[in-house]
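Summary of the model geometry
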Amino acid sequence: MDLTYTDEEEDFRARLRAWLREVLPKLPDRPAATDWPGRRAYDTAWQRLLYDAGYAGLHWPADAGGRGATPTQHLIFLEETELAGAPYVGANFVGLLHAGPTIAAEGTADQRARWLPPILRGEEIWCQGFSEPDAGSDLAALRTKAVRDGDTYVVSGSKIWTSHAEVADWCELLVRTDPEAPRHRGISWLAMPMDAPGIMVRPLRTLTGTAEFAEVFLDEVRVPVANRLGAEHDGWRVTMVTLSFERGTAFVGEVVACHRVLAALARKARDNGRWDDPVLRRRLGRLAAEFTALWRLTQWNVSEAQRGGGVPGAGGSVFKLRYSHARQELYDAAAEVLGAGALDADQEWITDRLSSLSYTIAAGTSQIQQNIVAERLLGLPKGR
């Protein structure tokens, strides 16, 4: 892996920095964390700015509406937007990082033409309907059923931890289309319109006080067969494509953010006298090395994905596994540097600390990632 930058890549960085300097000061104030309609409007407006400037779907293939940028240009974009404090994808998360890339990789020409442009322009929001109350980490145990009725599926069941369901237009939905098939078969991937009759959304309030997740109840919801991605009963394979994007590239910008948090902690430690503690200095230094290594691993994973047709491989699970724990260790260190009093007085630190607790569960638990690494990378036998 070549870690140097070409003149063309440095020119891309310079032009991106200039655009960010021009546009960021003109953005309105961000809505409150609990105002999801406001956050949707803010996030989709930012996505439209990216689209108009040619930065939307930077790494998507050109024939899917993207720019067809190199993996290095994509990482430069993520690095520079994070360093500049630009808005994150927010409510566009599932569409841009999960559903969109999956449709680009697996969809028909008609499906790509219907769904990808509105995602890139920020006109439609997607949510993820994978987990169920009795099938979270054990995704193959899902029981939401879809019964074929001519040109439609009739879907009944429930989903939980459905990201952004309360503001979404579409849902990437996993359903069981053959209840007699083995667990990992008989599953299909559907695009479900969230305004279809029979859908009830109940927001879930998280530890941080926001409601970016919801329960979704489905009562004989009719979804066109044309909305199925891939062959009938082949949804597990399609889902592995989705999850490879979720674990392979979805957390990239946050590695850069963690470097910024570390720098801020070092400054605070110098200000409050904690920097004199050699144990703390070693702890912060080790974390800096961890996040530098994770950034290099990201570069390798993205490069491997490019060589493999654009879909991240099992290396994304290595990243997700280590990053989840490193982020929690970072905010443990923050509590040590700032002390209980400072944490009580700073809501942003509190929110970040609490949200870090979810990372070993979100996008596949650490135990699931360990199984993937053991079986797909190390060649160990599957556990019973």
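Here, every reference points to the structure presented above.
Residues numbered from 1 in each chain as written. Predicted model: local features only at pLDDT ≥ 70, side-chain atom pairs only at ≥ 80, totals over all residues. Heavy atoms only, no water.

It is worth spelling out unusual backbone geometry at this point. With phi around 55°, Trp161 is a residue other than glycine that occupies positive phi space. Tracing the backbone shows Trp161 in the loop between strand E3 (152-159) and strand E4 (170-176). Take Trp161: its relative accessible area is 48%, and that puts it in the partly exposed class. Of note, the phi angle at His164 is positive, near 65°, even though the residue is not glycine. Structurally, the position occupied by His164 is in the loop between E3 and E4. Under the relative-accessibility criterion, His164 is labelled buried at 8%. (Helix = DSSP H or I, 4+ residues; strand = E, 2+ residues; numbered from the N terminus. Buried < 20%, exposed > 50% of the residue type's maximum accessible area, 1.4 Å probe, protein only.)

For E4, a buried count of seven out of seven residues is recorded, marking the element as mostly surrounded by other parts of the structure. Of the two faces of E4, the one carrying Trp170, Glu172, Leu174 and Arg176 and the one carrying Cys171, Leu173 and Val175 are both buried. Bridge count between strand E1 (residues 126-129) and E4: four bridges; the pairing is parallel. Looking at E4, one finds that Gln128 is bridged to Glu172. Pairing of E4 with strand E5 (residues 187-193), which is carried by seven bridges, proceeds in the antiparallel orientation. Bridge pairing links Trp170 to Pro193 in E5. (Pairing = 2+ DSSP bridges.)

Turning our eyes to something else, we now look at the side chain of Gln128. If you trace the backbone, Gln128 turns up in strand E1. Under the relative-accessibility criterion, Gln128 is labelled buried at 10%. A polar atom in the side chain of Gln128 sits 3.3 Å from the side chain of His98. Polar contacts involving the side chain of Gln128 include one to the side chain of Glu172, which spans 3.0 Å. (Polar contact = N/O pair within 3.5 Å; in protein donor to acceptor, adjacent residues only side chain to side chain.)

To continue, consider the pattern of salt bridges. A full pass over the atoms with the stated rule returns 24 salt bridges. For Glu123, the salt bridge goes to Arg48, with nearest N and O atoms at 3.7 Å. One end of the pair, Glu123, is in the loop between helix H5 (109-121) and E1; the other, Arg48, is in helix H2 (residues 36-53), with 75 residues separating them in the sequence. On the basis of relative accessibility, which here comes to 33%, the residue Arg48 falls in the partly exposed class. (Salt bridge = Lys/Arg side-chain N within 4 Å of Asp/Glu carboxyl O.)

What follows concerns helix H3 (residues 71-83). For H3, spanning 13 residues, the distance from its first C-alpha to its last is 18 Å, which sits close to the expected 18 Å at 1.5 Å a residue. Along H3, eleven of the 13 residues are buried, which leaves the element largely enclosed by surrounding structure. Just downstream of H3, Gly85 is the residue with a positive phi angle, here 75°. (Expected span 1.5 Å × (residues − 1).)

Quick look at the packing of helix H1 (residues 7-23) against H2 now. In the contact formed by H1 and H2, the axes pass within 13 Å of each other and the chain directions differ by 135°. Considering the angle they form, H1 stands oblique to H2. Viewed along their axes, H1 and H2 form a crossing whose handedness is right-handed. Of H2, the residues touching H1 (which contributes Trp19, Leu20 and Val23) are Trp46, Leu49, Leu50 and Ala53. Split into classes, the residues belonging to the contact of H1 with H2 amount to seven nonpolar, no polar and no charged. (Axes fitted to C-alpha atoms, helices over the stretch in contact; angles between N-to-C directions. Parallel < 35°, antiparallel > 145°, perpendicular 65-115°, else oblique. Left-handed = near helix turned anticlockwise from the far one by under 90°. Contact = heavy atoms within 4.5 Å. Nonpolar A, V, L, I, M, F, W, Y, C, P; charged D, E, K, R; others polar.)

The next point concerns the pairing of E5. Side chains on a regular strand alternate between the two faces of the sheet. Along E5, seven of the seven residues are buried, which leaves the element largely enclosed by surrounding structure. Strand direction decides the pairing type here: E5 and strand E8 (residues 228-229), joined by two bridges, are antiparallel. Counted as the bridge partner of Trp189 is Leu229 from E8.

Function cannot be inferred from these measures alone, as they are strictly geometric.
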